[in-house]
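# Chain and residue survey
If you want the building blocks of each chain, they are given just below.
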Number of protein chains: 4
Amino acid sequence: MSDPLGASAQEQETERDAFRARFRNVRQRTVSLCSPLSTDDHGVQTMPDVSPPKWHLAHTTWFFDRFLLRDAENGDYRPGFDRPLFDRLFNSYYKGVGPHHPRHERGLITRPTLEEVHRYRREIDERVERFCLKSSSSAWEKGRKMLELGLHHEQQHQELLLTDIKHILFSNPRRPIYLLRPGRAPQKPAPPLAWFDYPEGIQKIGHEGDGFSFDNERPRHRVFLEARSLASRLVTNGEYLEFIKDGGYASPKFWLSDGWDAVRANGWEAPLYWEKEGNVWTVTTLYGRRAADPGEPVAHVSYYEADAFARWAGARLPTEAEWETAAAGASPENGNFADANNFHPSPARDDAGRPQQLFGDVWEWTASPYAAYPGFRPEEGAVSEYNGKFMCNQMVLRGGSCATPGGHVRASYRNFFPPHARWQFSGIRLARDL
Amino acid sequence: MSDPLGASAQEQETERDAFRARFRNVRQRTVSLCSPLSTDDHGVQTMPDVSPPKWHLAHTTWFFDRFLLRDAENGDYRPGFDRPLFDRLFNSYYKGVGPHHPRHERGLITRPTLEEVHRYRREIDERVERFCLKSSSSAWEKGRKMLELGLHHEQQHQELLLTDIKHILFSNPRRPIYLLRPGRAPQKPAPPLAWFDYPEGIQKIGHEGDGFSFDNERPRHRVFLEARSLASRLVTNGEYLEFIKDGGYASPKFWLSDGWDAVRANGWEAPLYWEKEGNVWTVTTLYGRRAADPGEPVAHVSYYEADAFARWAGARLPTEAEWETAAAGASPENGNFADANNFHPSPARDDAGRPQQLFGDVWEWTASPYAAYPGFRPEEGAVSEYNGKFMCNQMVLRGGSCATPGGHVRASYRNFFPPHARWQFSGIRLARDL
Amino acid sequence: MSDPLGASAQEQETERDAFRARFRNVRQRTVSLCSPLSTDDHGVQTMPDVSPPKWHLAHTTWFFDRFLLRDAENGDYRPGFDRPLFDRLFNSYYKGVGPHHPRHERGLITRPTLEEVHRYRREIDERVERFCLKSSSSAWEKGRKMLELGLHHEQQHQELLLTDIKHILFSNPRRPIYLLRPGRAPQKPAPPLAWFDYPEGIQKIGHEGDGFSFDNERPRHRVFLEARSLASRLVTNGEYLEFIKDGGYASPKFWLSDGWDAVRANGWEAPLYWEKEGNVWTVTTLYGRRAADPGEPVAHVSYYEADAFARWAGARLPTEAEWETAAAGASPENGNFADANNFHPSPARDDAGRPQQLFGDVWEWTASPYAAYPGFRPEEGAVSEYNGKFMCNQMVLRGGSCATPGGHVRASYRNFFPPHARWQFSGIRLARDL
Amino acid sequence: MSDPLGASAQEQETERDAFRARFRNVRQRTVSLCSPLSTDDHGVQTMPDVSPPKWHLAHTTWFFDRFLLRDAENGDYRPGFDRPLFDRLFNSYYKGVGPHHPRHERGLITRPTLEEVHRYRREIDERVERFCLKSSSSAWEKGRKMLELGLHHEQQHQELLLTDIKHILFSNPRRPIYLLRPGRAPQKPAPPLAWFDYPEGIQKIGHEGDGFSFDNERPRHRVFLEARSLASRLVTNGEYLEFIKDGGYASPKFWLSDGWDAVRANGWEAPLYWEKEGNVWTVTTLYGRRAADPGEPVAHVSYYEADAFARWAGARLPTEAEWETAAAGASPENGNFADANNFHPSPARDDAGRPQQLFGDVWEWTASPYAAYPGFRPEEGAVSEYNGKFMCNQMVLRGGSCATPGGHVRASYRNFFPPHARWQFSGIRLARDL
């Protein structure tokens, strides 16, 4: 018997097994990322953008509970937890499925306890695995897509977990470390900056084809691009230090009006996690605090800083279409992603005739406000709120970071944050007109 | 003798006369717009976005004083006013020429008095006219462009004057009127909404040629557009009322996340200046308060409301490129602009085979965030801050309004406001994919 | 015929004449205090505590309109102004007579205009004078007390007018002056500080007798006081400068917890209106800015500063009972009050065997929180809200200032402000235990 | 051998043993109060007034560590914890001993963990006990007073622990309970309100004698009091409900100006922890939520509410001197204190000829602002900041509550909170003039 998508029963079984294996891996990875934390670390929200690790553990679980199992189980199931409570506390913002706990009060949730959240995870894990193995063929076909979405969703939260943990630990005067790191070989200086030219013309961007993509990457469509150059690598700490030394933060000259307001209101003098100790700029990493390495890519800058730096450097940021066109020929495979357990960006290697560091290391701020592609259609149902609701007041970032799970991003992948956000691993690639 | 631009002395004289005449007209119009106000009305700032009329009168004068005359007169001139004070108070945001008074404290400026500001205007007027008539040929060539910019700048402030006055008067519990209006003929209902289709392909947008344009309209460049339809006219009060009645403001369903936050935080239940009296929705106009006319274009909506309405209506907002392409064939001449002294949008006439109301009536929110065109270069010098500094967190509006001076806008003209702004005459035109 | 209070017709007529004369004087003085101001100066509210002069002019008028005439005229009167509007705008806080305009939006009232407010004053003046001369005997007896209250009320606003004007003018970068002052003779140094002792025992404080008093001064009652000393004069600028130089504002040591928070939150480094110019501390007076005179009493300090200074000086502030007991033997007549048109505190003269400067110059912060006297009964009717509603979170000040109308204060007079308030002429007298 | 205080060696030994026993009891009680909580519950700060239980556990320990042991051990000791970190995190506000962590960020402290804090407690406990047993005679005499203070300090925090836990648990949508309570017998109605009269005259208040007291209770001094009546018992829920039903929260009539502002700003409609379920007002207790018992004393009202209720009832609040005079003859022993493990106020019993419920049940708001007694001298050294720094903007409460440890309060004991505070067990006793 064949289903409408053409998968035979045998194929479906293989697919079910593969999904279960991926599900286990992804779920286990989330728990594993939290393992260096104390119970106390799991509960706090050190700023509104941060969510407590306990909340991430619960919310990613709730995503499967609410969007996959609720439908698939037809209400037959007796949950071993306080479902109305969990539906309120661990709904992030999906207004279509009911009211949700205020975002800025996630750090006040003491019940369920961490232990209860782990029990919740185990219960849902078991049921999702049962769904993988034992659901009817039609239920499988109906739910498979949501399972897929849930896995990508959880990977996104794995990245947030790392960046939130970084902020939580940094907020403690003791500056506790997340992981011990073995001795590092002295870093090589970054190769000189080179430029790669691209001719004008119509290009296609966006996702199409069988692989997974989020709704905001679709449809693939044509754009007209002018001739341009892109930098061969990311901007380094050393280069960024020149900007600081040149009074970059001391004058409004290079800044957007909103950007300069942010500099003044927040007292910014350097990227987040930079602190001056005597005459040395230090950066705090997930391994602790150390002198800023001039060859490493600068990270934890806002869009405002990226934009101001680019103007100071006589360049500009690339648009997302320019970035995607350049990345179309590159492969994410060699990127410095979270799977390497580095959790910190690395210096570029020599360019070898094409742009380096497009994938991994740091998300690259683009000059593109986050907006709908022509013909954009949100996913159907409650998850229609996943991406489309945020298409305002945010800028697109591309390429993934050292905190992104390997295999999670694509050339067409669109990340987005407000222009003042700095707690992600966000950095800079320069572009210029030809 | 000919100058480098090829204008003969005779031509330059004609040009100087023409500029002086335009200058007189524009300057006189600003004063005239303030004439219905009391001295008291001139001083207040009823919300941060509003500037006091006295400040507009002074700032537009300062613009000529600072950017045209300061250079042209080589420091020979002894001002009859406190120049360091005025340079601080009436600089809006040009950080390149010195510190400026905080924007939100413009309503606290009691000195100079209104009378002193009018004296300032007369002094600067006299000197600019002298510049028109008696400056050296080279000074004229050098300053002419700034004079031109100053006139367009003042026209922009004429529009702000009207919208700020509207807000100031509305803030008084007595709701005083700005102007008496002769009896209005009963308004005709709006014609039915029709759609005009446009095929996919490369289009050119942006300004090029001899006429004046702002830097943000340049350079003219190619964009690829998908096939699409644009509505034949603006959305009416009657149509917007359907949205309200259908619970548009009561559920997050149609709203962007930031938009719904704005609805909640501000208690929005209708456009600005709408108030419910019993069962009747009234609108306050510059002529006083009256029942909302169902055939008139809806005005004073934020981007969030425009976007939510469009989604509710199964449509979307046009991008600025889609709008400009459609407007390329239309003429601003018949638009309902401020010269008609209506200061209120009018119902559409029958469409006659092409989109109506593209110019005048209300600014049309587009789906386009305000960003630099490819190859954008800001003006040189201090006025480089005029437009480019604001290319973040704002949306583009097109077409001008009933408060825009006639002749001020073009198809390529880009206005921009943050998505929550409502005190401008801002409205909605629908678009959809084909 | 005699009335219940025992006044013969003849006596009543004399009384009526006397009231009319006082009324004219007081009302004229208010207008006269505003005469150096531009129309523009009349409308602004430079901080929430400040009211625009126009509002003072209208509110003091409304007080007679609402509390005296409304009753006395039995609704016969057709007002020449928009009474519902004025009842809302110019009611300060009397919730018993209807809703009032928000206090912090008094600077947004452009209508009525200043001219209309003056017309309002003249209309009400005429009617109050008619009431003085032509009301029935019983109406007179009934209204006389409210007329009295209204006059004292207006005197209080005369003081606020001066202190609000000082703040309004100071807020302008030009620092315009209120009045020109003839050349000042060099000030003599203050006499050395001496102490006057008072023995322990029961004392009576509070007002009793025929003269006018506010409800909060009553009833006269017994208190037990310990033996104590009071300083012979006010603390001077010179003494306060020692406190500043000794790091008074740099360490929490001498401050109340809330006081230190205020220092940090507001960046206080000196009293209000003090600014450092090079190495010289200047003070801005109503005559302009000049070097701080070391012999003059320090003014414009908050309770927190007064309290911290006293602790630094090894002393404390007197309680209001201690102050009143000391002032019982002094006469307000020689005080430096507003009638002298000095509007600035003067150095003390030699003490001559008793405390100087108890009346006039600056209000003296006491250590007493503002609370009800035992047996306190608020006035009846709407004016019950006059004083009693504020008996929380405020401190008592005593003695009047150089901005207080002469004849307005008594030994029992209780002024009160929140501990952070600095825009009044408020200063310091020290006390200590014996 | 005798020491200067006249204790023989034998007596001192007995004293040391007694202190150690008390120390053990008090310290154990704190831990025991936290035992029903999860680790997660220990870390949160649900509003700025609340401190996380973990912080209470650490801060009370730090108090002994910093103020007793640091001196007593002469720096000989090598702490088993990060002392500079703990000195910063667990200093509440003692500016004299160094900088402290911001109060509103106590909920962000994840390190030390709860386990580390318990280890810290054990380490300090051991050292304090060693101090009790083995310190030199002179060290003992020097430190004994601080040990005493530390015990009373910890008892104060035991009360805060209970009220903070109540708020933390209430903040969870699940409203988890702190303790299970055995079935309650139906409560008897409260006895009718009676009044007890007190004659005018000089009274003495404040503490004197050998027993422990805080500095703010001293010196004992004379006050003159008018004749007055005090209510026989606390105001009940039933009586307070009448106030609510009579529109107490709906009109400004009975409220202080600041009080009415608080009602409006916070949307108060009833005491804290009251919620309307259909037509029934429920209260949340540490045992869970149940219908408000009309006979129980009303609790969790602010000063503003207490004051408004009293005015509505035609009465007033007693001053602290009036309260203390009445309580002088009563004994705290029978009060409903925390030792009973009720943690909730109980209905009054019949009055038996004198005021009931003066001690325990709920703290009674008095009409007295918190101020220094005549001749007040703060403790010496760093703990001088204990009480005196807060003598502003607070009101005095008397008598202890059901969350106060038994034996902790006295007739002269002065508690103080800002007038808007509601999270303590704070209630109302009426008074009136005679």
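Our subject is the structure that appears above.
Numbers given for residues are sequential positions, taken from 1 along each chain in its written order. Naming scheme: in the order in which they are written, chains are lettered from A and ligands are numbered from 1. With pLDDT at 70 or above as the cut-off, local features in this predicted model cover only qualifying residues; side-chain atom pairs require 80 or more to be listed or tallied, and sums for whole chains, interfaces and linings still use all residues. To get the side-chain values, all heavy atoms of the structure are used, and hydrogens and water are removed first.

## Side note on the interface of chain D and chain A
As a reminder, the rule being used: Any two residues whose heavy atoms approach within 4.5 Å are treated as being in contact. When two components associate, each loses some accessible surface as probed by a 1.4 Å sphere; the sum of these losses over both components is called the buried area. Here a salt bridge means any side-chain nitrogen of Lys or Arg lying within 4 Å of a carboxyl oxygen belonging to Asp or Glu. Any pair of N or O atoms that falls within 3.5 Å is considered a polar contact. Within protein, one atom must be able to donate a hydrogen and the other to accept it, and sequence-neighbouring residues count only if both atoms are side-chain atoms. By definition, any uninterrupted DSSP run of H or I lasting at least four residues is a helix, any uninterrupted run of E lasting at least two residues is a strand, and each is numbered from the N terminus. Charged residues are taken to be Asp, Glu, Lys and Arg, nonpolar residues to be Ala, Val, Leu, Ile, Met, Phe, Trp, Tyr, Cys and Pro, and polar residues to be all remaining types, Gly included.
In this assembly, 28 residues from chain D lie in contact with 28 residues from chain A. Taken over both partners, the interface formed by chain D and chain A buries close to 2300 Å², and the fraction arising from carbon and sulfur atoms is 54%. Remark: the boundary between chain D and chain A carries 8 salt bridges. In this structure, the salt-bridge partner of E116 of chain D is R174 of chain A, at a minimum N-O distance of 3.9 Å. Remark: the boundary between chain D and chain A carries 10 residue pairs in polar contact (both at pLDDT 80 or more). Sorting the residues of the side of chain D that touches chain A by element identifies α3 (83-89), α4 (114-134) and α5 (137-170) of chain D as the ones contributing at least two each. Classifying every residue of the side of chain D that touches chain A by side-chain character gives 12 nonpolar, 8 polar and 8 charged.

## Considerations on the relation of the copies chain A and chain B
This is how the line gets drawn: Each copy is superposed on the other by least squares, with the fit set by C-alpha atoms of residues at a pLDDT of at least 70 in both.
Of the two same-sequence chains, chain A is brought onto chain B (RMSD 0.0 Å, axial shift 0.0 Å) by a rotation of 180°. In short, the pair behaves as if placed about a two-fold rotation axis. The residues that chain A uses at the interface reappear at the interface of chain B in 100% of cases, marking a shared surface.

## Concerning the side chain of T285 of chain C
Residue and element names in this part refer to chain C. Structurally, T285 can be placed in strand β6 (residues 280-285). Polar side-chain contacts of T285 include one of 2.9 Å to the backbone nitrogen of Y287. Sequence-distant contacts of T285, defined by excluding residues within four places in its chain, comprise K166, R290 and H344.

## Comments concerning the packing of helix α6 (residues 237-245) of chain A against helix α8 (residues 303-312) of chain A
Helix-helix packing: each pair is described by the crossing angle between the helix axes and the interaxial distance. Residue and element names in this part refer to chain A. The criterion, for reference: Lines fitted to the C-alpha atoms define the axes, with helices restricted to the stretch that makes contact. Angles between their N-to-C directions range from 0 to 180 degrees. Put simply, angles under 35 degrees are roughly parallel, angles over 145 are roughly antiparallel, angles from 65 to 115 are roughly perpendicular, and the rest are oblique.
Between α6 and α8, the shortest axis-to-axis distance is 11 Å and the interhelical angle comes to 80°. It follows that α6 is roughly perpendicular to α8 by the angle criterion. Contact residues: α6 offers E239, Y240, E242 and F243, while α8 offers E305, A308, F309 and W312. Here the contact of α6 with α8 is built from residues that sort into 5 nonpolar, no polar and 3 charged.

## Digging into the packing of α4 of chain D against α5 of chain D
Residue and element names in this part refer to chain D. The condition that has to hold: Two helices cross in a left-handed way if the nearer one is turned anticlockwise from the farther one by less than a right angle. They cross in a right-handed way if the turn is clockwise.
Viewed as axis vectors pointing N to C, α4 and α5 meet at an angle of 140°, and their least axial separation amounts to 11 Å. The orientation of α4 with respect to α5, classified from their angle, is oblique. Classified by chirality, the crossing of α5 by α4 is left-handed. Contacts between α4 and α5 involve R121, V128, F131 and C132 on the former and, on the latter, A139, W140, G143, R144, L147 and E154. Class assignment for the residues of the contact of α4 with α5 results in 6 nonpolar, 1 polar and 3 charged.

## A short note on the packing of aromatic side chains
What counts, and what does not: Each Phe, Tyr or Trp ring (for Trp, its six-membered ring) is paired with any other whose centre lies within 6.5 Å, and the angle between the two planes then decides the class: stacked below 30 degrees, edge-to-face above 60, tilted in between. Here the term buried applies to any residue with accessible area under 20% of the maximum for its type, exposed to any over 50%, and partly exposed to those in between, with areas from a 1.4 Å probe on protein chains only. A ring has a charge above it when a Lys NZ or an Arg CZ is no more than 6 Å from the ring centre and no more than 35 degrees off the ring normal.
Following the criterion strictly, the structure yields 156 aromatic pairs over all chains and no others. Seen in terms of ring centroids, F63 of chain C and F67 of chain C are 5.0 Å apart; in terms of plane orientation they differ by 70°. Their pairing is edge-to-face. Highlighted residues: F63 of chain C and F67 of chain C, both in helix α2 (residues 53-72), separated by 4 residues, approximately one helical turn. In this structure, F63 of chain C and F67 of chain C share a single accessibility class: buried. With a centroid separation of 5.7 Å and an interplanar angle of 80°, the aromatic rings of F243 of chain D and F309 of chain D are classed as edge-to-face. In this pair, F243 of chain D sits in helix α6 (residues 237-245) while F309 of chain D sits in helix α8 (residues 303-312), placing the two residues 66 residues apart along the sequence. Owing to a relative accessible area of 0%, F243 of chain D belongs among the buried residues under this scheme. Under the relative-accessibility criterion, F309 of chain D is labelled buried at 3%. A cation over an aromatic ring shows up here: R106 of chain C above the ring of W55 of chain C, its NZ or CZ 3.6 Å from the ring centre.

## A few points about the sheet that holds strand β7 (residues 288-291) of chain D
Residue and element names in this part refer to chain D. What counts, and what does not: When DSSP finds at least two bridges between two strands, those strands are taken to pair.
Taken together, 3 strands build an open sheet; the order of strands is β5-β6-β7 and the sheet is antiparallel. Unpaired on one side and paired on the other, β5 (274-277) and β7 mark the two borders of the sheet. Neighbour to neighbour, the strand axes of the sheet diverge by 35° on average, direction disregarded. In this sheet, β7 lies alongside strand β6 (residues 280-285) in antiparallel orientation, the contact comprising 4 bridges. Bridging from a neighbouring strand, T284 pairs with R289 of β7.

## Regarding the sheet that holds strand β7 (residues 288-291) of chain A
Residue and element names in this part refer to chain A. Overall, antiparallel pairing links the 3 strands, which are arranged β5-β6-β7 in an open sheet. Of all the strands in the sheet, the pair left with one neighbour each is β5 (274-277) and β7. Looking at each pair of strands side by side, their axes are set apart by 35° on average, direction ignored.

## Let's talk about the pairing of strand β6 (residues 280-285) of chain B
Residues and elements named next belong to chain B. β6 sits mainly inside the fold: 5 of its 6 residues count as buried. Inspection of the sheet shows strand β5 (residues 274-277) paired to β6 by 4 bridges, in the antiparallel sense. Paired with K276 across the bridge in β6 is W281. The antiparallel pairing of β5 with β6 creates a hairpin that spans 2 residues between the two strands, and G278 there sits at a positive phi of about 65°.

## Observations regarding the side chain of E296 of chain B
Secondary-structure assignment places E296 of chain B in the loop between β7 (288-291) and α8 (303-312). Reaching out from E296 of chain B, the side chain makes a polar contact with the side chain of H344 of chain B at a distance of 3.0 Å.

## Here's the deal with the relation of the copies chain D and chain A
Between chain D and chain A, the superposition needs a rotation of 180° and an axial shift of 0.0 Å, giving an RMSD of 0.0 Å. The residues that chain D uses at the interface reappear at the interface of chain A in 100% of cases, marking a shared surface.

## A word on the arrangement of the chains
If you take every C-alpha in chain A and every C-alpha in chain C, the smallest gap between them is 15 Å, and the two do not touch. As for chain D relative to chain B, no contact occurs, and the smallest C-alpha gap between them is 15 Å.

## Things to note about the interface of chain A and chain B
On the chain B side, the residues contacting the 31 residues of chain A number 31 residues. Carbon and sulfur atoms make up 54% of the surface buried where chain A meets chain B, a total of about 2500 Å² over both sides. The largest per-residue losses of area from chain A upon contact with chain B belong to R222, F224 and K389 of chain A, which jointly make up 24% of the total buried on that side. Counting across the interface, chain A meets chain B through 6 salt bridges. R377 of chain B is the salt-bridge partner of D433 of chain A, the closest N and O atoms lying 3.7 Å from each other. One can count 14 residue pairs in polar contact (both at pLDDT 80 or more) joining chain A with chain B. Sorting the residues of the side of chain A that touches chain B by element identifies β3 (221-225), α7 (257-266) and α8 of chain A as the ones contributing at least two each. At 4 residues, the largest contribution of residues to the side of chain A that touches chain B is made by β3 of chain A.

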